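The chain contents come next:
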Amino acid sequence: MSTAEPAKRGGLRGFFARLASPQSEIEAQELREDADEVGATPIVSCGGRRRFCVAGTLRTVTLRPRGGAPALEAELYDGSDVIDLVWLGRRKIAGIEPGRTVKAEGLVSMQDGRKVMFNPRYELRPGS
């Protein structure tokens, strides 16, 4: 651990800051730190029509047909924003479930005002 890390995460000042922060803000900060550790781009910084690597926690996983074919959709949250991960032609993927920590890579596009990544390469991560 570097000398800057204990000051960031620990110490009396950090303890009182965590006590004063709502739980959702603390969780968001932890997710942003975890994503940064694996070299992922914050979702809020991802623009359309470029490849990115993102990491976070799956909030929801739904089966939603697209064009008559099955599609598994998962909302990934990294503490900064959300992105929809969509696997076309899939009804279920082992390990893709709400609460799971995932790292995904693919082309980001915009659809109905939301960031979407179709058929991303993904890695199930330990944690939460």
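Per chain, residues are indexed from 1 in the order of the written sequence. Local features in this predicted model are restricted to residues of pLDDT 70 or higher, and side-chain atom pairs are both shown and tallied only at a pLDDT of 80 or more, whereas totals for entire chains, interfaces and linings draw on every residue. Excluding hydrogens and water, the side-chain values take into account all heavy atoms of the structure.

A. The arrangement of the packing of aromatic side chains in detail. Paired rings are identified among Phe, Tyr and Trp, the last through its six-membered ring, by centres lying within 6.5 Å, and are further divided according to the angle between planes into stacked (under 30 degrees), edge-to-face (over 60) and tilted (the rest). In total, this model carries one aromatic pair according to the counting rule given. Note on Trp 87 and Tyr 122: the rings are 5.5 Å apart at their centroids and 80 degrees apart in plane angle, and the pair reads as edge-to-face. Of this pair, Trp 87 sits in strand β3 (residues 82–88) while Tyr 122 sits in strand β6 (residues 121–125), and the two are 35 residues apart along the sequence. Two conditions define a charge sitting above a ring: the NZ of Lys or the CZ of Arg must be within 6 Å of the ring centre, and it must be within 35 degrees of the ring normal. One Lys or Arg, Arg 59, reaches over the ring of Tyr 77 and ends 3.9 Å from the middle of that ring. Counting from the N terminus, the helices are DSSP H or I runs at least four residues long and the strands are E runs at least two residues long.

B. The nonpolar core, seen in detail. Buried residues of nine kinds, namely Ala, Val, Leu, Ile, Met, Phe, Trp, Tyr and Cys, make up a nonpolar core once their side-chain atoms join them within 4.5 Å. Categorising residues by exposure relies on relative accessible area from a 1.4 Å probe, with only protein chains included: less than 20% of the type maximum marks a residue as buried, more than 50% marks it as exposed, and the intermediate range marks it as partly exposed. Residues Val 54, Leu 76, Ile 83, Leu 85 and Ile 96 are the most contacted members of the largest nonpolar core, which totals 17 residues. When residues of this core are traced back to their parent elements, those giving at least two are β1 (50–63), β2 (71–77), β3 and β4 (101–111).

C. Structural context of unusual backbone geometry. If you check the backbone angles, Asp 112 has positive phi at about 55 degrees while not being a glycine. Phi is positive for Asn 119, which is not a glycine, with a value near 45 degrees. By the element assignment, Asn 119 lies in the loop between β5 (114–118) and β6.

D. Summary view of the environment of Ala 94. Mapped onto the elements, Ala 94 comes out in the loop between β3 and β4. With a relative accessible area of 64%, Ala 94 lands in the exposed category. Sequence separation between Ala 94 and Leu 124 is 30 residues, and the spatial gap between their C-alpha atoms is 9.8 Å.

E. Focus on the pairing of β4. Pairing between strands is defined by DSSP: at least two bridges between the two strands are required. With eight bridges connecting them, β1 and β4 associate as antiparallel partners. Paired with Val 54 across the bridge in β4 is Ala 104. The pairing of β4 with β6 spans five bridges and is antiparallel. Among the inter-strand pairings, Lys 103 is bridged to a residue of β6, identified as Glu 123. The turn linking β4 back onto β5 is made up of two residues, and Asp 112 within it adopts a positive phi angle of 55 degrees.

F. Structural context of the pairing of β5. Of the pairings in the sheet, the one linking β3 to β5 comprises three bridges and is parallel in character. Within β5, the position partnered with Val 86 by the bridge is Phe 118. In this structure, β4 lies alongside β5, joined through four bridges in antiparallel fashion. Across the sheet, Ser 109 pairs through a bridge with Val 116, a residue of β5.

G. Molecular detail of helix α3 (residues 23–37). When the terminal C-alpha atoms of α3 are compared, their 21 Å separation across 15 residues agrees well with the 21 Å that a helix rising 1.5 Å per residue should span. When we look at burial in α3, the residues that qualify are Ile 26, Ala 28, Leu 31, Glu 33 and Ala 35. Directly beyond the C-terminal end of α3, a positive phi value near 80 degrees is found at Gly 39. Any helix carries an expected span of 1.5 Å times its number of residues minus one.

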